[in-house]
Amino acid sequence: MDDGGSVAGHRLTGRARSGEIGTWREAVSPAGTPSGVLRFDPALVATPAARERLVAAVTADRHLARSAGLLPVADLVTARGDIWLITDGAPVPTLADLLAEVYRGGVPSPGSGAVAAILADTARTLLDLHAAGLTHGAPHPGTIVITGDGTALLAERGLLQALRGEPASPERDVTAWIELARGLATSWADDGSAVLFERAAAAAAAHGLAAARDVLLAAGDPLPQSHTTREPLARTRHLWSSAAPEPAPAADEIGAAVTLLGIPGPAAADDVVMRFGPGVPADTAAAQIWRSGTTTELADDVGRDAGPSRRPGRRRGRRGAWAGSALLAALLAVVILWLRFQPAAGVVVEKVDVRGPKKAIACDGMAALVGTVTTNGGAGTIRYVWVRSDGVRMPEREQNVFSGSTSVELPLRWEVTGSGRFKGVATLRVLSPTASGQPLQDKASFSYRC
């Protein structure tokens with residue numbers, strides 16, 4: 001979606017990122033506070049069952065306390081044929097964003113303090129969810145949002161498993177947390193404290209997340225005092241945010257937004273509010289559209305109600321006529337929104353650009369290279385391979401992308417050891433699908449001195 005649009009009054013700004021279930025955008029709420037919008041991949045919400053499960057998952061989130069350690073959900077709406085999740089906080093940066101920026105050398109590593117803070121926050125949140133009979137389903141660096149004070153919030157709770165129709169699994173959450181602990185220990189535990197996080201991971205595998213959290217909380221003394229605070233993580237987050245683009249100017253609303261949640265609250269007697277999903281009476285026309293995707297039966301009902309032969313001689317008051325007209329207009333709007341759902345276009349790679357480190361790599365260092373792939377914004381799978389000039393063969397890989405994002409980053413970490421001088425050249429070769437039908441590639445180099 002072009003910069004500068006808005007969804008339900010939330011103005012989209014410059015940053016976007018693709019995830020497993022759609023495209024996230026930074027936004028500014030009508031009150032001027034940071035917010036976010038997630039445009040779901042149309043292929044994932046194409047069936048009535050998937051949409052109903054999605055409504056149920058989001059409704060469960062809204063019943064949780066604000067202090068539950070989740071990125072707060074404001075609403076779930078449909079606008080211009082798409083389904084959007086709206087959050088009360090910014091959806092960026094994620095832990096994956098910060099990890100990528102550290103690898104690129106754009107910001108310094110926040111160190112072991114960041115690892116301890118992130119693991120403690122996510123373990124507490126998952127424990128609270130499990131105690132409430134809920135699960136997250138997909139905790140990983142791409143669903144962990146870092147706030148300005150260094151707090152780690154979980155986003156997208158239950159959404160992936162709801163869209164796929166997968167059962168809730170606390171064990172899967174624990175396994176994902178263990179992988180997170182070991183991955184962060186390798187990436188950011190640069191002061192010898194990786195053994196602590198490995199102990200926490202082992203405790204989680206043997207006794208659960210409560211035992212792992214106890215290991216982290218009991219380890220205040222072994223860690224340097226500066227690492228027990230969130231300051232390093234907050235500072236890294238601030239450096240990442242300082243490079244943010246300027247907010248886009250205000251622009252038109254992206255279609256009329258209709259809420260999909262039955263939010264309780266007083267409503268005027270004359271209000272006409274469209275509700276969808278679980279809890280809506282099965283005999284409403286809106287529910288029929290939501291569940292079946294058909295509009296013929298609705299059109300027939302409207303025609304019968306509007307025809308003069310339905311109840312000849314019966315007069316309606318002005319208020320009844322007004323309410324009927326408003327209901328008809330609202331139902332027709334829903335029909336139009338429904339009919340605009342279209343399958344996502346297939347992804348096509350149009351350009352490849354590779355960037356390498358500007359400074360020489362020191363002894364036993366690691367070169368972080370990033371390939372940026374420009375696409376047509378479609379959904380699909382990109383097949384690619386990195387080719388290194390030192391003769392080391394890299395495996396072919398695949399990257400799944402969702403519609404809406406035209407830029408995908410494919411990183412390469414190249415470790416070099418030993419003494420001497422060396423010039424490394426890395427080539428990113430995109431094998432398919434490409435606009436020309438032939439592989440596209442670009443390369444970058446770096447220097448190593450030891």
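As shown above, the structure is provided for reference.
Reading guide: rules and limits
- Residues numbered from 1 in each chain as written.
- Predicted model: local features only at pLDDT ≥ 70, side-chain atom pairs only at ≥ 80, totals over all residues.
- Heavy atoms only, no water.
- Helix = DSSP H or I, 4+ residues; strand = E, 2+ residues; numbered from the N terminus.
- Contact = heavy atoms within 4.5 Å.
- Areas by Shrake-Rupley, 256 points an atom, 1.4 Å probe, with all protein chains shown as cover.
- Phe/Tyr/Trp six-rings, centres within 6.5 Å; stacked < 30°, edge-to-face > 60°.
- Buried < 20%, exposed > 50% of the residue type's maximum accessible area, 1.4 Å probe, protein only.
- Lys NZ or Arg CZ within 6 Å of the ring centre and 35° of its normal.
- 1 Å grid on protein atoms, 1.4 Å probe; cavity = no way out; pocket = protein on both sides within 12 Å on 5 of 7 lines; lining within 4 Å.
- Points joined across faces, edges and corners; volume = space filled by probe spheres on them.
- Nonpolar A, V, L, I, M, F, W, Y, C, P; charged D, E, K, R; others polar.

Undergrad: Sorry if this is basic, but what is going on with the overall build of the protein here?
TA: Of the regular secondary structure elements, the protein holds 11 helices and 16 strands. Pairs at least 24 apart in sequence give 67% of the contacts found in the protein among residues at least 6 apart. For the protein, the exposed area adds up to about 21900 Å²; of that, 53% sits on carbon and sulfur atoms.

Undergrad: Whenever I open this one, the packing of aromatic side chains confuses me. Can you help?
TA: Two measures describe an aromatic ring pair: the distance that separates the ring centres and the angle between the ring planes. As enumerated under the stated definition, the model contains 3 aromatic pairs in all. Considering the side-chain rings of W414 and F446, the 5.1 Å spacing of their centres and the 80° angle between planes classify their relative orientation as edge-to-face. Remark: F446 occurs in strand β16 (residues 440-449) and W414 occurs in strand β14 (residues 407-415); sequence separation between them is 32 residues. When its relative accessible area of 1% is taken as the criterion, W414 is described as buried. The interplanar angle of 65° and the centroid separation of 6.3 Å between the aromatic rings of F422 and F446 together place this pair among those described as edge-to-face. Note that F422 is positioned in strand β15 (residues 421-432) and F446 in strand β16, a separation of 24 residues in sequence. We classify F446 as buried; its relative accessible area is 2%. Of note, R15 hangs over the ring of W240, and the distance from its end group to the ring centre comes to 3.6 Å.

Undergrad: Looking at this structure, how should I read the side chain of T94?
TA: With respect to the helices and strands, the residue T94 is situated in the loop between β6 (82-87) and α2 (95-104). In contact with T94, other than residues within four places in its own chain, are R17, P141, G142, I144 and V145.

Undergrad: Sorry, what's going on with empty space enclosed by the protein here?
TA: One water molecule sets the probe size; rolling that probe over the atoms shows where empty space is left. Taken as a whole and assessed by the stated rule, the structure comprises 3 cavities of 30 Å³ or more. Of the voids in this model, the second largest cavity is the one considered here, and its volume is about 60 Å³. Lining the second largest cavity are W24, D61, L70, L71, V73, L85, T87, L154, A155, E156, R157 and L159. For the lining of the second largest cavity, the class distribution of residues is 8 nonpolar, 1 polar and 3 charged.

Undergrad: How should I be thinking about the layout of surface pockets in this particular structure?
TA: Each pocket or cavity is described by its volume, and for the largest pocket that value is around 1700 Å³. Lining the largest pocket are 47 residues, and of these R17, S18, A96, D97 and E409 sit closest to its centre. For the lining of the largest pocket, the elements supplying multiple residues, two or more each, are β2 (10-18), β3 (22-28), α2, β11 (366-375), β12 (380-388), β13 (397-401) and β14. Looking at which element gives the most residues to the lining of the largest pocket, the answer is β14, with 7 residues. Across the lining of the largest pocket, the residue classes break down as 22 nonpolar, 14 polar and 11 charged.

Function-wise, these values are silent; they only describe arrangement.
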